[in-house]
Amino acid sequence: MSLSAAIVLSERLLLRGALQEADREGFIELSTDPEVQEYLGGARPRSEAEQRFDAALAADATSSHGNYVIADKTTNRFLGTLMLARRSAGGPGHVTGDGGELELGYVLRRSAWGTGFAFEAATAALRAAAGELPDQPVLLVTQTANTRSLNLAARLGFRPTSTFEEFGAEQTLCTVDLSMFRI
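Bear in mind the structure is a predicted one, so any value in this text is a computation, not a measurement. (Residues numbered from 1 in each chain as written. Predicted model: local features only at pLDDT ≥ 70, side-chain atom pairs only at ≥ 80, totals over all residues. Heavy atoms only, no water.)

### A closer look at the pattern of salt bridges
Piece 1. Tallied over the entire structure, the rule returns twelve salt bridges.
Piece 2. Notably, a salt bridge pairs D23 with R16, separated by 2.7 Å at the nearest N-O pair.
Piece 3. On the basis of relative accessibility, which here comes to 4%, the residue R16 falls in the buried class.
Piece 4. Salt bridges here are not isolated pairs; linked through shared partners, they connect E21, R24 and D54. (Salt bridge = Lys/Arg side-chain N within 4 Å of Asp/Glu carboxyl O. Buried < 20%, exposed > 50% of the residue type's maximum accessible area, 1.4 Å probe, protein only.)

See the structure below:
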């Protein structure tokens, strides 16, 4: 089971489970920016980003449990995406024998870096999950070279537990207990 809330609010942010046409340029910028995509497989061509956006919009892909658009609470401006859903049991990077742990992932537009939005969005999502799900480990996986992401993970309370190779790079697996976010 993943986080089921369709909307999660924080002080400055709205996490919504629905991609909107108004998100198009922000989504494309997120997908095509070489700095944003540096640790995520590299920037995509604009045409590919447009196709992915159209497919996601048509399928209403972000409405699946645990996938969110991070938007400014006042303006509804697209800032990035957040995922809090089950990690595929078939791949590497697990802390339980059967896999399928809850995994946190996020990516923000470069213009939103350094604002505390990633910390605020992740905290809000984890608090919402802690309010509706039983205690369990939550995973965060990032390239070991991505020091910004590892620093944010540490601020959120995640601790590195192991490394493994995936996508042609060393990944660091971090974990925290969901109960840490109960209020």
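### Examining unusual backbone geometry
Piece 1. For N76, which is not glycine, the phi torsion reads 65 degrees and is therefore positive.
Piece 2. As for its placement among the helices and strands, N76 is situated in the loop between β3 (67-72) and β4 (78-86).
Piece 3. Of the residues examined, N76 reaches a relative accessible area of 29% and is grouped as partly exposed.
Piece 4. A positive phi angle, close to 60 degrees, is found at F167, a residue other than glycine.
Piece 5. As for its placement among the helices and strands, F167 is situated in the loop between β7 (159-166) and β8 (169-177). (Helix = DSSP H or I, 4+ residues; strand = E, 2+ residues; numbered from the N terminus.)

### As for the sheet that holds strand β1 (residues 7-9)
Piece 1. If you trace the eight strands from one edge of the open sheet to the other, you get β1-β2-β3-β4-β5-β6-β8-β7, paired in mixed fashion. This sheet does not close on itself; its edge strands, each paired only once, are β1 and β7. Shown here is a sheet whose adjacent strand axes are inclined to one another by a mean of 25 degrees, direction ignored.
Piece 2. Summarising the sheet, strand β5 (residues 102-108) and strand β6 (residues 137-143) pair through two bridges and their orientation is parallel. Counted as the bridge partner of E103 is L139 from β6.
Piece 3. Together, β5, β6, β7 and β8 form the strand contacts of helix α4 (residues 147-156), whose direction differs from that of β6 by roughly 160 degrees. (Pairing = 2+ DSSP bridges. Axes fitted to C-alpha atoms, helices over the stretch in contact; angles between N-to-C directions. Contact = heavy atoms within 4.5 Å.)

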